Every structure is written in C-alpha cells, then in structure tokens.
Amino acid sequence: MNLRRDRLRVLGIWLAVGLVYLIWVRATGWGIPCPIHTVTGLECPGCGITRMLTALSRGDWASARAANAGLFYLSPFLALFLGRALWLWLTGRKADTPVLRIAGAGLVIFLVVWGIVRNLPL
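Okay, so let's go over this structure. (Residues numbered from 1 in each chain as written. Predicted model: local features only at pLDDT ≥ 70, side-chain atom pairs only at ≥ 80, totals over all residues. Heavy atoms only, no water.)

Let's talk about the packing of aromatic side chains
Enumeration according to the criterion identifies four aromatic pairs in this entry. With a centroid separation of 6.0 Å and an interplanar angle of 80°, the aromatic rings of Trp 61 and Phe 72 are classed as edge-to-face. Here Phe 72 lies in helix 5 (residues 69-91) and Trp 61 lies in helix 4 (residues 61-67), a separation of eleven residues in the sequence. For the ring pair Phe 77 and Phe 81, a centre distance of 6.3 Å and an interplane angle of 20° mean the geometry is stacked. Linking Phe 77 with Phe 81, this pair stays in helix 5, spanning four residues, or about one helical turn. Overall, Phe 77 belongs to the partly exposed group, its relative accessible area being 36%. What makes Phe 81 buried here is its relative accessible area of 16%. Counting every residue linked through ring pairs, the aromatic cluster contains Trp 61, Phe 72 and Tyr 73. (Phe/Tyr/Trp six-rings, centres within 6.5 Å; stacked < 30°, edge-to-face > 60°. Helix = DSSP H or I, 4+ residues; strand = E, 2+ residues; numbered from the N terminus. Buried < 20%, exposed > 50% of the residue type's maximum accessible area, 1.4 Å probe, protein only.)

With respect to the nonpolar core
In terms of nonpolar packing, the biggest core is built from twelve residues, these being Met 52, Ala 55, Ala 64, Ala 67, Leu 71, Phe 72, Leu 74, Phe 81, Leu 88, Leu 100, Ala 103 and Leu 107. Of all the secondary-structure elements, those providing two or more residues to this core are helix 3 (49-58), helix 4, helix 5 and helix 6 (98-117). With five residues, the top contributor of residues to this core is helix 5. (Core = buried A, V, L, I, M, F, W, Y, C linked by side-chain atoms within 4.5 Å.)

As structure tokens, then:
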C-alpha cells in the first residue's frame, strides 16, 4: 500500500505542475516553445499541443482542432491508452501487456506519419 501512496503522490505532483502550467499559459499566453520547430521550422507531431489543451480548457473545440488536428482526433484513444497504463502503474500491475504494446506501436506509427503529413506542402 505504501508503493501505491507514493505513486499517487507522484501523480498528484505531475497534475499540479500541469495545472500551474495551464494557468500560466492562459494568463500570459506564453508556453514552452517546441525545440524541433525552433531549430528546423518544421512542426513535430506534438507542436500545438499546449494551444490545443488550452483551447479545450476553454471549451473552444474549433481552436483546439486547428492547433493540432492529429492529436485532437487521437485524444479519446490516447486518453484510454494513458488511463489504462496509469491504472496499471498505480496498482503495481505489469504494464507490459500485449494490448498496450500493440496500442503503443500504433501510437508511434501514427505520430511518425502525422509528423510527416503535417509538414507536406498543400
């Protein structure tokens, strides 16, 4: 039970950091710039995630989709995937299940393809 309490504490700290960052971005409009975009000018698969999550926190679905359409549409799957992995981690169960392995591989493939597609000239 002590391990679970420690893991809940770690989760609480990460959630608090995320909430403070969200409040900071909403109040100032300043977020952490993407180093890949800064160096190359290309958009990585995660570029726009801060704008997307900030827009979602305001209930602005159109702006969230415009910020990163790939992750916007992937969000329900990603929430299930991360929620399951988090639950297994919190309960101390083995998180390396075939379903999570396949889902993780699919996620990596999607992000690589999305990173290429979003930088194609249209």
